There are 2 protein chains.
Amino acid sequence: MGRVQAFETDEVVRSARAVFWEHGYEEASLPELERATGLSRSSIYHAFGSKRGLFDAAVASYLNEIIRPRLLPLNSPDVTEIAILDYFTTLRAALAQPDSQQSHHGCLLLNAAGAPIAHESAVSVAIAGYRQELKSSLSLGIAAHRPGIDDVARLQLATVLSSLVIAAMTLARIDKEQALATVDTALELLNN
Amino acid sequence: MGRVQAFETDEVVRSARAVFWEHGYEEASLPELERATGLSRSSIYHAFGSKRGLFDAAVASYLNEIIRPRLLPLNSPDVTEIAILDYFTTLRAALAQPDSQQSHHGCLLLNAAGAPIAHESAVSVAIAGYRQELKSSLSLGIAAHRPGIDDVARLQLATVLSSLVIAAMTLARIDKEQALATVDTALELLNN
DNA sequence: TATATAGTGGACTGACCGGTTCACAAAATG
DNA sequence: CATTTTGTGAACCGGTCAGTCCACTATATA
């Protein structure tokens with residue numbers, strides 16, 4: 001029995017995730033990934049197979065650690081009446097925070113949507129799935145927030161709100177004011 | 001007096017625009033731009049100064065030839081009651097068309113929003129300006145569509161509709177059904 | 001000590017990148 | 001024909017890329 005793996009895979013993936021989030025898949029270089037993870041390329045290739053393999057792990061990490069925790073309260077069996085308000089308030093706070101990755105780089109997945117990597121089936125499926133998950137979660141939050149709402153109106157509002165999220169994330173690295181104003185519109189719609 | 005420039009600058013920029021639209025700034029290579037424009041790199045550099053100079057011209061071309069013509073009816077002094085419905089119907093048709101660039105690649109500017117090039121001030125300013133222009137135009141269309149609407153509601157609806165546009169464009173290269181459904185939601189909101 | 005595996009560092013492969021240079025050809029005018 | 005400008009093609013510069021290879025070191029267990 002030989003040497004045991006010394007690094008934490010999740011920790012390495014988090015570091016790599018930050019690089020992909022900032023630069024995108026294509027512009028994230030091996031030297032930069034080496035620096036961020038603290039591993040040499042031999043170790044990276046041994047653990048993940050390829051740069052693309054590391055990217056796939058980063059996408060999964062992003063969904064599990066950044067996206068889904070924020071959607072959790074909406075997907076809870078006892079989702080509260082204000083869970084959806086909290087979701088947007090939390091999102092707004094994240095976008096407003098001066099030194100957060102969300103604030104500077106928007107959404108890793110939505111950024112990938114506009115990049116060449118989106119042509120990879122697995123990547124576009126992941127992004128499409130994220131959007132559906134977002135809509136579905138918001139729909140549950142809307143139902144809890146407005147118990148009497150009919151299905152058609154609820155799904156429509158879910159489409160609108162998820163689109164406001166996408167727009168805000170897209171604008172995050174372009175114009176902070178417009179991004180925050182977009183989230184504010186979501187909150188206004190919910191408070192009407 | 002010597003040789004006259006033989007190529008049409010606008011035509012060259014259109015060809016280059018198609019390459020940047022499909023690949024993004026970073027992944028658009030000089031050889032690919034040479035192939036698409038039919039010019040050698042010497043001529044490209046002579047006419048545009050750099051790859052970035054060509055990209056800037058492509059962005060201007062995109063705004064002037066793709067974006068603004070579609071917003072024109074909304075910005076007209078005698079904007080019709082159904083101009084905004086026409087806008088979304090036309091957008092939907094473009095996204096539904098199997099072999100159009102919009103259908104395959106979404107929006108050149110919004111794709112750039114998630115790319116490293118967005119860190120260039122001039123690029124992010126162009127994207128922020130496009131979003132404001134879109135909102136402003138939609139606001140005019142909303143006013144014509146619903147003459148009695150108050151300012152607050154109109155601006156809110158403009159934010160919502162422009163976000164639906166952004167979401168649809170982002171989803172265009174990811175999931176055609178979701179992209180079209182997003183535009184449908186905009187039309188439903190207007191027909192309520 | 002032997003065995004087995006993780007991890008490194010750097011050289012290497014083969015390819016490509018944006019941008020520059022320049023001799024030469026093409027084309028327009030005088 | 002001379003002059004001037006556009007446009008080409010290819011070599012070149014200096015650099016970078018993802019991925020491979022391998023001798024070597026480190027580490028854990030028996």
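Fair warning: this is a prediction, and the values are worked out from it, not measured in the lab.

A.B. asks: Can you walk me through the packing of helix H5 (residues 83-96) of chain A against helix H10 (residues 176-190) of chain A in this structure?
C.D. replies: In helix packing, the relevant descriptors are the interaxial angle and the interaxial distance, both defined with respect to the helix axes. All names here are of chain A. The contact between H5 and H10 brings their axes to 10 Å, and the two run at 170°. Here H5 lies roughly antiparallel to H10, going by the angle between them. Within the contact between the two elements, H5 uses Ile84, Leu85, Phe88, Thr89, Leu91, Arg92, Leu95 and Ala96 and H10 uses Lys176, Leu180, Val183, Asp184, Ala186, Leu187 and Leu190.

A.B. asks: So what exactly am I meant to see when it comes to the protein's contact with DNA strand C here?
C.D. replies: In the vicinity of DNA strand C there are 25 residues, among which Arg3, Ala6, Ser42 and Ser43 of chain A together with Met1 of chain B approach most closely. Taking the atoms of DNA strand C that fall within 4 Å of the protein, sugar and phosphate contribute 63% of them. A distance of 3.2 Å is found between a phosphate oxygen of DNA strand C and a backbone nitrogen or oxygen belonging to serine 40 of chain A. Take alanine 28 of chain B: an N or O atom from its main chain is 3.2 Å from a phosphate oxygen of DNA strand C. In terms of residue class, the surface near DNA strand C is built from 11 nonpolar, 10 polar and 4 charged.

A.B. asks: How should H5 of chain A be read in this particular structure?
C.D. replies: Because an α-helix completes one turn every 3.6 residues, residues spaced three or four positions apart along the sequence face the same direction. Residue and element names in this part refer to chain A. Its 14 residues place the ends of H5 20 Å apart at the C-alpha level, agreeing with the 20 Å of an ideal helix rising 1.5 Å per residue. Within the sequence span of H5, burial applies to Ala83, Ile84, Leu85, Tyr87, Phe88, Leu91, Ala94 and Leu95. Elements in contact with the buried residues of H5: helix H4 (51-75), helix H6 (101-105), helix H8 (121-145), helix H9 (151-171) and H10.

A.B. asks: Mind showing me how you'd approach the relation of the copies chain A and chain B here?
C.D. replies: Between the two copies of the chain lies a relationship made up of a rotation around an axis and a movement along it. Mapping chain A onto chain B calls for a screw motion: a turn of 180° about the axis and a shift of 0.0 Å along it, with 0.1 Å RMSD after fitting. One copy is carried onto the other by what is essentially a two-fold rotation axis. Here 100% of the interface residues in chain A have copies in chain B that are interface residues too; the copies meet face to matching face.

Procedures and definitions
Residues numbered from 1 in each chain as written. Chains lettered and ligands numbered in written order. Predicted model: local features only at pLDDT ≥ 70, side-chain atom pairs only at ≥ 80, totals over all residues. Heavy atoms only, no water. Axes fitted to C-alpha atoms, helices over the stretch in contact; angles between N-to-C directions. Helix = DSSP H or I, 4+ residues; strand = E, 2+ residues; numbered from the N terminus. Parallel < 35°, antiparallel > 145°, perpendicular 65-115°, else oblique. Contact = heavy atoms within 4.5 Å. Near = heavy atom within 4 Å. Polar contact = N/O pair within 3.5 Å; in protein donor to acceptor, adjacent residues only side chain to side chain. Nonpolar A, V, L, I, M, F, W, Y, C, P; charged D, E, K, R; others polar. Expected span 1.5 Å × (residues − 1). Buried < 20%, exposed > 50% of the residue type's maximum accessible area, 1.4 Å probe, protein only. Least-squares fit on C-alpha atoms with pLDDT ≥ 70 in both.

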